[in-house]
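# Structural characterization, general
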Amino acid sequence: MKTKNTILTLIVSLLVLNMEATILKVPEGFPTIQSAINQSDIGDTIAVSPGTYFENLNFKGKNVFVTSLYYVTSDTSFISSTVINGSNPVHSDTASCVIFNSGEDSTAVLQGFTITGGTGTIWNDIHGAGLYREGGGILVELSSPTIKHNIIINNIVTNISGVISSGGGGIRIGDGNPIINNNLIIYNQARYGAGIVLNFTACRINNNVIASNTGGQEFYGGSGIWMYGNLGTTPKIIINNTITNNTSTLNNGTGGLSIWSASNVILKNNIVWDNFPSTQIKAVSSIPAVTYSNIQGGYTGSGNIDLNPEFDIISYILGDNSPCIDSGDTTTKYNDIENSNMPETAMFP
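Reading the values: rules and limits
- Residues numbered from 1 in each chain as written.
- Predicted model: local features only at pLDDT ≥ 70, side-chain atom pairs only at ≥ 80, totals over all residues.
- Heavy atoms only, no water.
- Helix = DSSP H or I, 4+ residues; strand = E, 2+ residues; numbered from the N terminus.
- Contact = heavy atoms within 4.5 Å.
- Areas by Shrake-Rupley, 256 points an atom, 1.4 Å probe, with all protein chains shown as cover.
- Core = buried A, V, L, I, M, F, W, Y, C linked by side-chain atoms within 4.5 Å.
- Buried < 20%, exposed > 50% of the residue type's maximum accessible area, 1.4 Å probe, protein only.
- Pairing = 2+ DSSP bridges.

### Points about the overall build of the protein
For the protein, the helix and strand inventory stands at 4 helices and 34 strands. Partitioning the intrachain contacts of the protein with sequence separation of at least 6 by distance along the chain shows that 69% fall at a separation of at least 24. Here the protein has roughly 15,100 Å² of accessible surface; of this, 55% comes from carbon and sulfur atoms.

### So, the nonpolar core
Judged by nonpolar contacts, the single largest core of 46 residues is most densely connected at I33, L110 and I138. Among the elements that line this core, the one with the most residues is helix α2 (residues 33-39), at 3 residues. With sequence-adjacent residues up to four places away left out, I33 is seen in contact with V26, V48, Y53, E55, L57, V66, I84 and F113. Y70, I79, I151 and I153 belong to the second-largest nonpolar core, a separate cluster that totals 8 residues.

### A look at the sheet that holds strand β22 (residues 196-199)
The strands making up a sheet associate through hydrogen bonds between their backbones, and the pairing can be parallel or antiparallel. Across the sheet, 8 strands lie side by side as β4-β8-β13-β18-β22-β26-β29-β32; this open sheet has parallel pairing. Every other strand in the sheet has two partners, leaving β4 (57-58) and β32 (281-283) as the edge strands with one partner each. Pairing between strand β13 (residues 138-141) and strand β18 (residues 171-174): 4 bridges, direction parallel. Its bridge partner being in β18, E141 is matched across the sheet by G174.

### Some points on unusual backbone geometry
With omega at 5°, the peptide bond leading from V26 into P27 counts as cis. A cis geometry characterises the amide bond from F276 onward to P277, with omega recorded as 0°. Mapping P277 onto the fold places it in the loop between β31 (271-273) and β32. Despite not being glycine, L142 shows a phi value in the positive range, around 55°.

Structural data, given as structure tokens:
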């Protein structure tokens, strides 16, 4: 049992940490986002004003909150107007827009940016597979950050000079358990996992639109999400996502989800539709648990349907007559996150 003095010490420590947490403003106080990260302390917020920042960021183990001004009012215009452009790296072999590779946890947050122009980082796979170029938009290794409310777009990881292959156009994740929530992951390119690569990792991937990612020339494509291996017994939880219009050039591949020897994969309340080739979920050597999802061509599992989702004509939002509305698991915890500034509407996107 803790003594009163111990409890008082804990309370005082928490208050001191809270008082010491500060807001670092870019460019008002710091000329670059990286310079603010370098000077930050645990719990700090780095608030970035609108503009285009030609940077290739590394969180360097800092558990800090890096955000556009979206955090103030949830105004989505700040997402499109605050850009991290990784197209001008100092070193061409380290050309991811953002890197987490120093043990960052879920309190390391990247929120509210357009992330574009990344061409990936040459990475020596820690499982002995060799050199790969991966992670155009974001590279995560041995870390578990939170990545939310971003547009991850037009990152191209196709250069195979000096490497075995290139993957993870939008996001590459390895050997961690990150949270990937409420992002648009669109128009990225890679030879596998053009949208997302999950390599020996757990994850929570919720409420994202993963669309129009292309390439998929190798390893069965998996241009929406490509996954291989496990992180112990911790599951890959993929819920409430729209995965559509992703393309692999392999006849025996998939533009949707490719699952290689990855057990404990939980897919629930997802729309996996109109990916090419027509196999929407390719389970190479393990079978995922798929429930309450709309899978083109059908898929075995409780509550699954095979009906045109009837997207709105100008977006991947569901039209008013979509058969997907309220057809998922109705348990409250699976509901979309509500936008507190716009009651009865979901958070971006």
